[in-house]
Amino acid sequence: MGLLSERSCLFFLFIILTEGHYTWVQAQHCVWYGECGESDKVPGKRYNCNYTGPPIPLPAEGHELLTELCPGYDYGNQSLCCDVKQLQTLKGSLQLPLQFLSRCPACFFNLMNLFCELTCSPLQSHFMNGTQFTNDTAANKTNVVEVQYYIGQTFANGEGAHFLVPALFVLSEPTPMVIIQLVDVSVSGMSPMNNKTYDCTEGLEDGSGPCSCQDCSPACGPQPVPPPLPPPWTILGIGAMVLIMWISYMAFLLVFMGTVIVDASCGETLGEHFENALRYLFTRWGSFCVRQPLMVILGSLIIVAACSGGLVYMKITTDPVELWSSPSSQARQEKDYFDSHFGPFFRAEQLIITTTLQSESSYSPYPAGAPVPFGAPLDKDVLHQVLDLQTDIENIVASYGDQKVTLKDICLAPLAPYNDNCTILSVLNYFQNSHKQLDHSIGDYFYVYADYHTHFLYCVSAPASLNDTSLLHDPCLGTYGGPIFPWLVLGGYDGEDTLITFPVNNYHNDTVKLGKALAWEKEFLKNYTNPNLTISFNSERSIEDEINRESESDLSTVVVSYAIMFVYISLALGHIHSFRRVLVDSKISLGIAGIVIVLSSVACSLGIFSYAGIPLTLIVIEVIPFLVLAVGVDNIFIIVQTYQRDERMPHEELHQQIGRILGDVAPSMFLSSFSETVAFFLGALSTMPAVRTFSLFAGLAVFIDFLLQISCFVSLLGLDAKRQEENRLDIMCCVKLPEGKEGKTDGFLFRFFKNIYAPFILKEWVRPIVVAVFVGLLSFSIAVTNKVEIGLDQKLSMPDDSYVLDYFKNLSTYLHTGPPVYFVVEDGHDYLSLEGQNSVCGGVGCNNNSLIQQVYTASLIRFNPSSWLDDYFDWVKPQSTCCRYYNSSGAFCNASVVDTSCVHCRPMTPSGKLRPTEQDFMNFLPMFLSDNPNVKCGKGGHAAYSSAVVLKGNATSVGATYFMTYHTILKDSPDFIDAMKMARVLADNITTAMGHKVFPYSVFYVFYEQYLTIAYDTVFQLGVSLVAIFVVTTVLLGFELWSGVLVSITIAMILVNMFGVMWLWDISLNAVSLVNLVMSCGISVEFCSHIVRAFSISVKSTRVERAEEALAHMGSSVFSGITLTKFGGILILALSKSQIFQIFYFRMYLAMVLLGATHGLIFLPVLLSYAGTHGVVCPSVNKAKVFAANKRYAGTERERLLNF
């Protein structure tokens, strides 16, 4: 009602004047008196009788009515130009204006000023002339059909009365006709009516206060000036972050070139005892696994079977609320509060319809007026086709079990059981969803006086009107009994498209009713075809259905991706010495066994948590196998390739050799696996359910994979080694090749890393270039990290061929309002006291910082909030016919009931006109909430507020309530995030002003709340993971603090560079990308930890030599084990139809593998060559460690490596 003093007064002036009946006479006389014959153009209405005599004293029974209608008017002896019947007609006509204008006393006074003078003034003939009459033959009287009404310019332009000038167009409607003449001087003997008017900021003489702020903007107090947006942070006109990082980078290069390049002596770290303990433990265990393979394998199978048995209890969560919103989060708790008090938000089934026809037109109102453009979707022929489509949807019958389900079984019907029509938000509901109403028109051979254009224009300007005021007099309210707001059914003011919404009841705790709704929605989701219509559609289940369909369609892509990795693993593990021994030296069966172990660890993790009742998510199913495969395959390659390069020592048996090898490599495997496990488990501290679930499942799967690899896989490796030594074929182990002597050779990758790659990367002139490039990339990534967009475009979650994409596109193009938002006042507020009422309401006497007032002035709120409290005050006023009860029983009496025993709730006294007392407030509030709007009373609260107010204690007190409005248009994630931020700030301000808890609620808050803290969550998750990796690395490397620092620095650089890639590749930060970042942290450990441990146990004399040895010995295994394995599988993901797969899996997986490989195999060895533990950090090489290493490696391949 923000423009009530203009628009609503104009609207109701139109209503009254089209019902009035007026005349011409000589001055000093009446124009009419009494009522005569019925109007032939407005059924049920009567003309006034032509009367040119002097005013007639008003009978006594009309005195109270005159005082009620025209307070403050003193007509002396009350000789008037109207009788009691005319006053009663005037009162009946003023019921709707009274209900809507009562919050603005000045506006209502000015309107009454106009009509009281027009209807009853004893000086009527001074400013009125009858111009057209007809005969009432039955009563032998003359009807007044048309009058001229002279109004002064001063009155028309006066404060609070300037609505009269825009009324000229409205007053030009056909009969009964009132022609206004605006003059300030006498014309043809007529003196204009120029009574005093009141500004909306003025109080009246009867003590009424000024109008409310919503109805009169000048009455508002000073509005707080929002703080200006902070300007972009710049230095010398350049982005501050960019400039700072450039300066930092150049400073680093200067310091690096000047100081770090200078070689320095280096020492070894402490911790040989811890290293020996781990080596001894894993050596003994490896030997046992080879000596007792059946026991180990059988035990592993039993444990895997027991753990995997939990899969029968597996539950997959696809509910978006459960995926993205923690039960303890603010949005989730507010949603639960709203659902438990007011019921869950309805399910929405929606169509957006445009037309291919070029049938735009322009409507020219009769008899005059500016042309109004009507878009093609509002062409009547198109509307008929749309109505046919709408009717077909209404008639959909679905099957649920052995029951038939129709729209009426599940739809929202707010006036049930009095009116069981479904709520259908459609432009066709302006015409009661009827072809006949759409075709209704009035005209003659020459002109069309009123048709669907007229009705449409009236209804969109006053959607809450019961009937239009044209000659049609057709209803505007929908068949369900409520208004059809144009911003919900029209895309643009000239009708660029039409929207049809079918609200369906939501049933969170009733699976049967919910199943019926889902069954009907499934039938609703069909391809709608019409050659003249373009139709996009969406239902509540659409997104979930399409995500499931997407997962099924991408299953083949994922399977091919894993198949490629499996084939590569099976073939790459073998080290072929000659063509004759291809089938002997290949390790296809061992590779398959390794893959099965990886998958078994995933199954065990899923099964254990399924036993615990923790549901899975699609992210867990899609991501964890990829993660565990990366970690597990890397470890498999390290074990197998170390065995292949090793030579058995004299008098050493196979189990001793494999035990010794496991003692060498298992600490490195344990380091990486345990670091990842701890990091993932700490990631479970996240409040995001999807991230927390992923972290739990991933941490356990990685650790189980490690345990199976050092037990079951080692036993299988021992069996495969025996097969190979006996010259038996791989897979077909019963077939044996003849004995032949074959020389032992190194693999191609190992020779390449040892002889070419490692020496090149660590050349004196290459190392500075490597550092400069990588630090430059780091500086760039830091500079753009804050530019990574936050959020998830919902279109990305849909397949490329999804019908929902068309709906999303049209929704953002055509929708002209945002989602509804409810400001919920929690239980406990005192609505019975004036202080409590004034802190909430928005009418006369309410606080300037009340709830309604603050919401009204908020920047990101599109419409005035609906206020049950203000409408209740209007409804209960004694001047209104709304609040009545049966005198005999005290039961509510609807305004449409004609019964003499029905009396007003409150007396027409000064005290009765005030707000209701505490007792009256609670006595009449249930009546208001049960009253259906009707012609006599448009303020009934049943449809609008029956669910907005919770009555407690047998309707003796008010509990939780809400006040609804709409957000402004929201199109992308930043819009939604800003809207939620604003609503929460606004609610906090309201809470402070009221001294009682108020919170905002909208259906999208539970999905977007994560983005309010996503930056903090990301820093926390990755920071915790890095700390865990640092601590575990330091401990497991024999308390080598500096090595832990270098690993953490390298992984941190990978993560920061991931943000640079995200900015370059338009990957937004959300829960999906955060899961990938956490996984990237884990995979990065694999790229770094093995190299660092190999460096830490090296006994070479310089850092460069130690780095070269570590890179040569471990680089090929890391490269073949992770990089090549993942690269082929990742490339297949680019072929996925799913946009979310292409962006968040293909792009991010490719980035994490490439960044991990380049940092682990290029930057880290160079960093170790400069900053590795030697001399600067620790005093000298540990002599005991050198002696122990030389003794262990005497006569082995490693001894040659030490001296290469």
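Going by the annotation in an unreviewed UniProt entry, the name recorded for the chain is SSD domain-containing protein, with Oncorhynchus tshawytscha given as the source organism. The UniProt entry for the chain carries the following text under Catalytic activity (unreviewed entry): "cholesterol(in) = cholesterol(out)". Recorded in UniProt for the chain, the comment headed Subcellular location (unreviewed entry) runs: "Endomembrane system".

Draft legend 1. View of the pattern of salt bridges. Scanning the entire structure with this criterion turns up 15 salt bridges. The residue Lys-380 makes a salt bridge to Asp-439 at a minimum N-O spacing of 3.6 Å. Of the two residues, Lys-380 is situated in helix 13 (residues 380–394) and Asp-439 in helix 15 (residues 435–439); the sequence distance between them amounts to 59 residues. Classification of Lys-380 by relative accessible area gives partly exposed; the value is 27%. For Arg-984, the salt bridge goes to Glu-1009, with nearest N and O atoms at 2.9 Å. One end of the pair, Arg-984, is in helix 34 (residues 973–994); the other, Glu-1009, is in the loop between helix 35 (1005–1008) and helix 36 (1014–1036), with 25 residues separating them in the sequence. Comparing Arg-984 with Glu-1009 shows no difference in burial state: the two are buried.

Draft legend 2. Molecular detail of the side chain of Asn-810. Here Asn-810 shows up in helix 28 (residues 803–814). When sequence neighbours within four positions are dropped, the list of residues in contact with Asn-810 reads Ile-352, Ser-536 and Leu-815.

Draft legend 3. Local environment of the environment of Val-958. On the secondary structure map, Val-958 appears in strand 25 (residues 957–966). Under the relative-accessibility criterion, Val-958 is labelled buried at 8%. Along the chain, Val-958 and Gly-828 lie 130 residues apart, while their C-alpha atoms are 8.0 Å from each other.

Draft legend 4. Highlighting helix 16 (residues 452–461). By the criterion of burial, helix 16 is predominantly enclosed, with seven of the ten residues buried. Here helix 16 has its buried residues at Tyr-452, His-453, Thr-454, His-455, Phe-456, Tyr-458 and Cys-459. Residue Asp-451 occupies the N-cap position of helix 16, its side-chain oxygen lying 3.0 Å from the main-chain nitrogen of His-453.

Draft legend 5. Representation of the sheet that holds strand 19 (residues 533–538). Taken in spatial order, the three strands line up as 18-11-19 in an open sheet, and their pairing is antiparallel. Looking at which strands have only one partner, the edges of the open sheet turn out to be strand 18 (498–504) and strand 19. Across this sheet, the average inter-strand angle for adjacent strands is 15°, counted without regard to direction. Strand direction decides the pairing type here: strand 11 (residues 347–355) and strand 18, joined by seven bridges, are antiparallel.

Draft legend 6. Structural context of the state of the cysteines. Applying the stated criterion to the full structure yields nine disulfides. Linked covalently through their sulfurs, Cys-36 and Cys-49 form a disulfide whose S-S length is 1.7 Å. Because the torsion about its S-S bond is 130°, the bridge between Cys-36 and Cys-49 counts as right-handed. Taken together, the positions of Cys-36 in strand 1 (residues 32–38) and Cys-49 in strand 2 (residues 46–50) put the pair 13 residues apart, joining distant regions of the chain. The same class applies to Cys-36 as to Cys-49, namely buried. At a sulfur-sulfur separation of 2.0 Å, the disulfide partner of Cys-883 is Cys-905.

Draft legend 7. Local environment of the packing of helix 24 (residues 654–683) against helix 36. Contact geometry of helix 24 with helix 36 gives a least axis separation of 8 Å together with a crossing angle of 150°. Accordingly, the angle class assigned to the pair helix 24 and helix 36 is roughly antiparallel. The element helix 24 and its partner helix 36 pack so that their crossing is right-handed. Between helix 24 and helix 36, the contacting residues are Phe-670, Leu-671, Phe-674, Ser-675, Val-678, Ala-679, Leu-682 and Gly-683 on the first element and Gln-1021, Val-1024, Ser-1025, Ala-1028, Ile-1029, Val-1032, Thr-1033 and Leu-1036 on the second.

Draft legend 8. Examining the sheet that holds strand 25 more closely. The strand order across the open sheet built from four strands is 24-25-21-26, with neighbouring strands paired in antiparallel fashion. The sheet terminates laterally at strand 24 (949–952) and strand 26 (998–1001), the two strands that pair on one side only. The mean inter-strand angle of the sheet, taken between neighbouring strand axes irrespective of direction, is 15°. In this sheet, strand 25 lies alongside strand 21 (residues 820–825) in antiparallel orientation, the contact comprising six bridges. Bridge pairing links Val-824 to Tyr-962 in strand 25. Contacts from helix 31 (residues 868–876) reach strand 24 and strand 25 within the one sheet, and its direction differs from that of strand 25 by about 110°.

Draft legend 9. Geometry of the pairing of strand 26. Burial of the side chains of strand 26 extends over both faces: Val-998 and Pro-1000 are buried on one face and Phe-999 and Tyr-1001 on the other. Pairing of strand 21 with strand 26, which is carried by four bridges, proceeds in the antiparallel orientation. Considered in strand 26, the bridge of Val-825 is made with Val-998.

Draft legend 10. Here's a closer look at unusual backbone geometry. At Gln-432, a position not held by glycine, the phi torsion is positive, near 55°. Its location among the elements puts Gln-432 in the loop between helix 14 (407–410) and helix 15. On the basis of relative accessible area, Gln-432 is assigned to the buried category, the value being 17%. In this structure, Asn-433 is a non-glycine residue whose phi angle is positive, near 55°. Mapped onto the secondary structure, Asn-433 falls in the loop between helix 14 and helix 15.

Draft legend 11. Seen up close, the pairing of strand 21. Counted residue by residue, strand 21 has six buried out of six residues, so it is predominantly covered. Because side chains alternate across strand 21, one face comprises the buried residues Pro-820, Tyr-822 and Val-824, and the other comprises Val-821, Phe-823 and Val-825, equally buried.

Draft legend 12. Highlighting the packing of aromatic side chains. Summed over the entire model, instances satisfying the criterion amount to 56 aromatic pairs. Ring plane angle 75° and centroid distance 6.4 Å describe the contact between Phe-374 and Tyr-452, whose orientation is recorded as edge-to-face. Within this pair, whereas Phe-374 is found in strand 13 (residues 372–374), its partner Tyr-452 is found in helix 16, the two being separated by 78 residues in sequence. Relative to Phe-524, the ring of Trp-520 has its centre 5.7 Å away and its plane inclined at 15°; by these criteria the two rings are stacked. You can see Trp-520 and its partner Phe-524 sitting in helix 18 (residues 511–524), four residues apart, about one turn around the helix. Aromatic ring contacts, followed pair by pair, group Phe-338, Phe-342, Phe-345, Phe-346, Tyr-822, Tyr-962 and Tyr-1001 into a single cluster. In this arrangement the basic side chain of Lys-196 is found over the ring face of Tyr-198, its NZ or CZ atom lying 4.6 Å from the centre. Arg-1106 extends its terminal NZ or CZ atom over the ring of Phe-1095, reaching a point 4.2 Å from the ring centre.

Draft legend 13. A look at the packing of helix 27 (residues 766–785) against helix 37 (residues 1041–1064). The geometry of helix 27 relative to helix 37 is characterised by a closest axis approach of 8 Å and an angle of 60° between their N-to-C directions. Overall, the two elements helix 27 and helix 37 adopt an arrangement that is oblique. Here the hand of the crossing between helix 27 and helix 37 comes out left-handed. Of the residues in helix 37, those in contact with Phe-774, Leu-777, Leu-778, Phe-780, Ser-781, Ile-782, Val-784 and Thr-785 of helix 27 are Met-1053, Val-1056, Asn-1057, Phe-1059, Gly-1060, Trp-1063 and Leu-1064. Split by residue class, the contact of helix 27 with helix 37 holds eleven nonpolar, four polar and no charged.

Draft legend 14. Examining the confidence of the model for the chain more closely. Residues of the chain with pLDDT of at least 70 account for 84%, and the chain-wide mean is 80. Averaged over each element, pLDDT in the chain is lowest for helix 7 (residues 167–170) (38) and highest for strand 26 (95). In the model, residues 1–26 has pLDDT below 50 throughout and makes 113 contacts with residues more than four positions away in sequence or in other chains. Low confidence marks residues 1200–1204, where pLDDT is under 50. Its contacts with residues over four positions away, or in another chain, come to 14 contacts.

What counts and what doesn't
- Residues numbered from 1 in each chain as written.
- Predicted model: local features only at pLDDT ≥ 70, side-chain atom pairs only at ≥ 80, totals over all residues.
- Heavy atoms only, no water.
- UniProt positions renumbered as here; feature names shortened; annotations may be inferred.
- Salt bridge = Lys/Arg side-chain N within 4 Å of Asp/Glu carboxyl O.
- Helix = DSSP H or I, 4+ residues; strand = E, 2+ residues; numbered from the N terminus.
- Buried < 20%, exposed > 50% of the residue type's maximum accessible area, 1.4 Å probe, protein only.
- Contact = heavy atoms within 4.5 Å.
- Polar contact = N/O pair within 3.5 Å; in protein donor to acceptor, adjacent residues only side chain to side chain.
- Pairing = 2+ DSSP bridges.
- Axes fitted to C-alpha atoms, helices over the stretch in contact; angles between N-to-C directions.
- Disulfide = S-S within 2.5 Å.
- Parallel < 35°, antiparallel > 145°, perpendicular 65-115°, else oblique.
- Left-handed = near helix turned anticlockwise from the far one by under 90°.
- Phe/Tyr/Trp six-rings, centres within 6.5 Å; stacked < 30°, edge-to-face > 60°.
- Lys NZ or Arg CZ within 6 Å of the ring centre and 35° of its normal.
- Nonpolar A, V, L, I, M, F, W, Y, C, P; charged D, E, K, R; others polar.
- pLDDT = per-residue confidence, 0-100.

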